[in-house]
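Structural overview for review
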Amino acid sequence: MSTALHARIARVRIDGRDLISDIDLAIPQGRWTAIVGPNGAGKSTLLRAAAGLQRCDGAMTLAERPLQDWPARERARQLAWMGQQESGADDLTALDVVLLGRLPHRPWLAPPTVADRAAVQAAMQATQSWAWRDRRLGSLSGGERQRVLLARALAVQAPLTLMDEPLAHLDPPHQAEWMALVRARVAAGHSVVSVLHELHLALQADHLVLMADGRIVHTGSPADTATHEALKRVFGPSLHIAQIEGRWVALPL
Amino acid sequence: MRPGLLLALLLLAGAIGVLAGVATGSTGWASLQDEGMSLILWEIRLPRSLGAWCAGALLGMAGAMAQGLFRNPLADPYLLGSASGAQLAVAIALAFTGVSAQNSSLLAHVGLTGIAFVGTLAGVGLTLVLARGVEQTLRLLLAGVVVGVVLNALTNLATLWSPDILRAMQAFLLGNTGLLGWNSVSVMAASAIAALLIGLVASPALDALTLGEATATSLGVRLSLVRLLLIFAFALSTGAAVAQTGIVAFVGLVSPHLVRTFCATLHSWLILLSAAAGGALLLAADVIARAVIRPQELPVGLVTALVGGVYLLVLMHRRGAPKR
């Protein structure tokens, strides 16, 4: 199994506090990796640092090449990023926002090509946001907005996509849609990493990374008993993990 | 509304403003056949009107760039110590040369203009130094506040030390389009074109920045370079406008808001439209300032502050209302 992204991070230190430390994370190629952990475990910090968006004491390798050696635009075509509850852009139309995802593919200042428009339309249709392409982002509801932002990240069509809490504000049907999207990506050979709060969805991933107190405490398949034990250790004994219709679910009981 | 249509309307408003500006004077309409009258129209009213438009355009553009760069709808051209730098430079120059209160002689005016421009650049430069570069937006803004407060204090010290500059300072602070000649127009037009080009080149980065710095970086935008370019364009346009017309309130803040209420558009259009809107606004304010208490005139900054303040208040309440 080859590695899409390898992050070795000694520490990320902000205001005299280590947010994460001793990280050695390998993101498998062509898989869906979910990062879970309690609040404040450092999941978002890890994702930002791994994407090279957070100054840190460490080294990242993207597709066998040090991350900082990638030219900015080339890296942007390889690695798509979606932040946690991205704010702003209220005065842009949804279509313009999603078109931003094509920025790394366009020569600077060149108008979008037919291919760019096609990619944007496909991404927006995939997240069911095409209908409100002409509306301002500020006029959308939280869930609608999230689906536009998701389309923005998908429109990059990068082999590796990192998403920080992509399911925030999404209702259950759209959460299921999101899973189908990720599955389609992975089937096409792309890698997806997502920080998730929804444990029952994270258990459907191919690879689970469990964090606590700024460290990775366990990595493994969500179906493994060892993973279940680690989850119970971190989230407390009140977490019940059971199998329903062949799928693992986690319930706080 | 389509951005092209809005641009056409704003430019039309500007053209009507120039006509009105040429027609309005302390004496009202006069026959064009009159030799002296054509001189007044050609050498005084026309450059003054065009100059007011250019100054407004510079401020509108600087406002749009600042609001995009700092992701803050309240950013205006006088951030980052630009206004206070110009103010202090003018105060020091006046205090040392002891120019009389009515320093309307052309030579003195040209000298002051240059000094105000240098003061603007120095104010922004000092902010950049104190913020230790352009890495952090918040640090830049805070450093701008610090520079503004300290330089204002020094300006007050200068006026305390030599009180006879007070009147001249006040004229500068309230904004004044009365002294604009063809020279000023060409300087401002050249700065406007340079700033506009930089703004347009940086506009995709500003679009990406609307989603936050991390997302913009992830899209391959080189933020430090873009910030440096934009701050240069911002200082250039603010400096040119402040040097020629003094500190005209609200135009730079209101113009981008005005544009955004009419159309949702990318920054390339926003910068262009804000320039057109700023020009039309300042020119309209200038015509009003000259028309209301003829043959006297109000300082144009006073008019923009009153009109702009009311407009922003209206805008605020409309925006606060439910959107759908």
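Residues numbered from 1 in each chain as written. Chains lettered and ligands numbered in written order. Predicted model: local features only at pLDDT ≥ 70, side-chain atom pairs only at ≥ 80, totals over all residues.

A closer look at the overall build of chain A
The helix and strand inventory of chain A stands at eight helices and 12 strands. For chain A, whose C-alpha radius of gyration is 18 Å, the value lies close to the compact-globule estimate of 18 Å for 253 residues. Overall, chain A is about 55 × 40 × 35 Å in size when its C-alpha atoms are taken along their principal axes. A burial count over chain A gives 44% of its 253 residues as buried. A fraction of 65% describes how many contacts in chain A between residues 6 or more apart in sequence connect residues 24 or more apart. (Helix = DSSP H or I, 4+ residues; strand = E, 2+ residues; numbered from the N terminus. Rg over C-alpha atoms; globule rule 2.2 N^0.38 Å. Buried ≥ 20, exposed ≤ 12 C-beta atoms within 10 Å, placed from the backbone. Contact = placed C-beta atoms within 7 Å.)

Topic: the overall build of chain B
Helix and strand counts for chain B stand at 12 helices and zero strands. When its helices and strands are written in sequence order, chain B yields α-α-α-α-α-α-α-α-α-α-α-α. For 324 residues, the compact-globule estimate of 2.2 N^0.38 gives 20 Å, and the C-alpha radius of gyration of chain B, at 20 Å, lies within 12% of that figure. Principal-axis analysis of the C-alpha atoms places the extent of chain B at approximately 65 × 50 × 35 Å. Taken over 324 residues, chain B has a buried fraction of 52%. Partitioning the intrachain contacts of chain B with sequence separation of at least 6 by distance along the chain shows that 82% fall at a separation of at least 24.

Remarks on the sheet that holds strand 7 (residues 160-164) of chain A
All names here are of chain A. Spatial strand order, 6-7-8-3-9-10: six strands in an open sheet with mixed pairing. Only two strands of the sheet have a single neighbouring strand rather than two, namely strand 6 (79-82) and strand 10 (215-220). Each strand of the sheet is rotated relative to its neighbour by a mean of 15°, with strand direction disregarded. Bridge count between strand 3 (residues 32-36) and strand 8 (residues 191-195): four bridges; the pairing is parallel. Looking at strand 8, one finds that I35 is bridged to V195. Lying over the sheet, helix 8 (residues 225-235) contacts strand 9 (207-212) and strand 10, oriented at roughly 150° with respect to strand 10. (Pairing = 2+ DSSP bridges. Axes fitted to C-alpha atoms, helices over the stretch in contact; angles between N-to-C directions.)

Concerning the pairing of strand 3 of chain A
Residues and elements named next belong to chain A. A large share of strand 3 lies buried, amounting to five of its five residues. Going residue by residue along strand 3, you find W32, A34 and V36 tucked away on one face and T33 and I35 tucked away on the opposite face as well. Pairing analysis gives four bridges linking strand 3 to strand 9, with the strands arranged parallel. Of the residues in strand 9, the one forming a bridge with T33 is H207.

Quick look at the packing of helix 3 (residues 82-97) of chain B against helix 9 (residues 223-245) of chain B
Residues and elements named next belong to chain B. Running from amino to carboxyl end, helix 3 crosses helix 9 at an angle of 40°, the nearest separation of the two axes being 10 Å. The pairing of helix 3 with helix 9 is recorded here as oblique in orientation. As helix 3 packs across helix 9, the resulting crossing turns out to be right-handed. Residues S82, A83 and A86 of helix 3 form the contact with helix 9, whose own contacting residues are A235, T238, G239, V242 and A243. (Parallel < 35°, antiparallel > 145°, perpendicular 65-115°, else oblique. Left-handed = near helix turned anticlockwise from the far one by under 90°.)

Some points on the nonpolar core
Membership of the largest hydrophobic core comes to 181 residues, with the highest contact counts inside it found for A50 and V98 of chain A together with L58, M61, M65 and V90 of chain B. The greatest single-element share of this core, amounting to 16 residues, is contributed by helix 11 (residues 267-291) of chain B. For A50 of chain A, the residues in contact, after removing those within four places along its chain, are L5, A7, L25, M60 and L162 of chain A. (Core = buried A, V, L, I, M, F, W, Y, C linked by C-beta atoms within 7 Å.)

Quick notes on helix 9 of chain B
Because each turn of an α-helix spans 3.6 residues, side chains separated by three or four positions end up pointing in the same direction. Residue and element names in this part refer to chain B. Between its first and last C-alpha atoms helix 9 spans 32 Å; for 23 residues at 1.5 Å apiece the expected length is 33 Å, and the two agree. The element helix 9 is extensively covered by neighbouring structure, given that 17 of its 23 residues are classed as buried. Just downstream of helix 9, G246 is the residue with a positive phi angle, here 80°. (Expected span 1.5 Å × (residues − 1).)

Focus: the environment of R318 of chain B
All names here are of chain B. Note on placement: R318 falls in helix 12 (residues 300-320). You can call R318 exposed: it has 10 C-beta atoms within 10 Å. Residues R318 and T261, spaced 57 residues apart in sequence, show a C-alpha to C-alpha distance of 9.8 Å.

Overview of the interface of chain B and chain A
Taken together, the contact between chain B and chain A spans 20 residues of the former and 25 residues of the latter. Listed by contribution, the elements that provide at least two residues to the side of chain B that touches chain A are helix 7 (182-209) and helix 8 (213-218) of chain B. Its residues assigned to classes, the side of chain B that touches chain A shows eight nonpolar, six polar and six charged. (Nonpolar A, V, L, I, M, F, W, Y, C, P; charged D, E, K, R; others polar.)

Points about unusual backbone geometry
Comment: phi is negative for the bulk of residues other than glycine, and the bulk of peptide bonds are trans. Residues and elements named next belong to chain A. For D22, which is not a glycine, the phi torsion comes out positive at approximately 50°. In this structure, D22 sits in strand 2 (residues 17-28). For H169, which is not glycine, the phi torsion reads 75° and is therefore positive. Accessibility expressed as a C-beta count within 10 Å gives 16 for H169, which makes it partly exposed.

Some remarks on the confidence of the model for chain B
Summary statistics for chain B give a mean pLDDT of 84 and a share of 91% for residues scoring 70 or more. Interface predicted TM-score (ipTM) for the complex: 0.89; the corresponding pTM is 0.88. (pLDDT = per-residue confidence, 0-100.)

Let's talk about the sheet that holds strand 2 of chain A
Residues and elements named next belong to chain A. Spatially, 2-1-4-5 is the arrangement adopted by the four strands of the open sheet, whose pairing is antiparallel. Strand pairing shows two members of the sheet lacking a second neighbour, strand 2 and strand 5 (65-66), which therefore form its edges. Pairing between strand 1 (residues 3-14) and strand 4 (residues 57-62): six bridges, direction antiparallel. Across the sheet, residue A7 finds its bridge partner in strand 4, namely M60.

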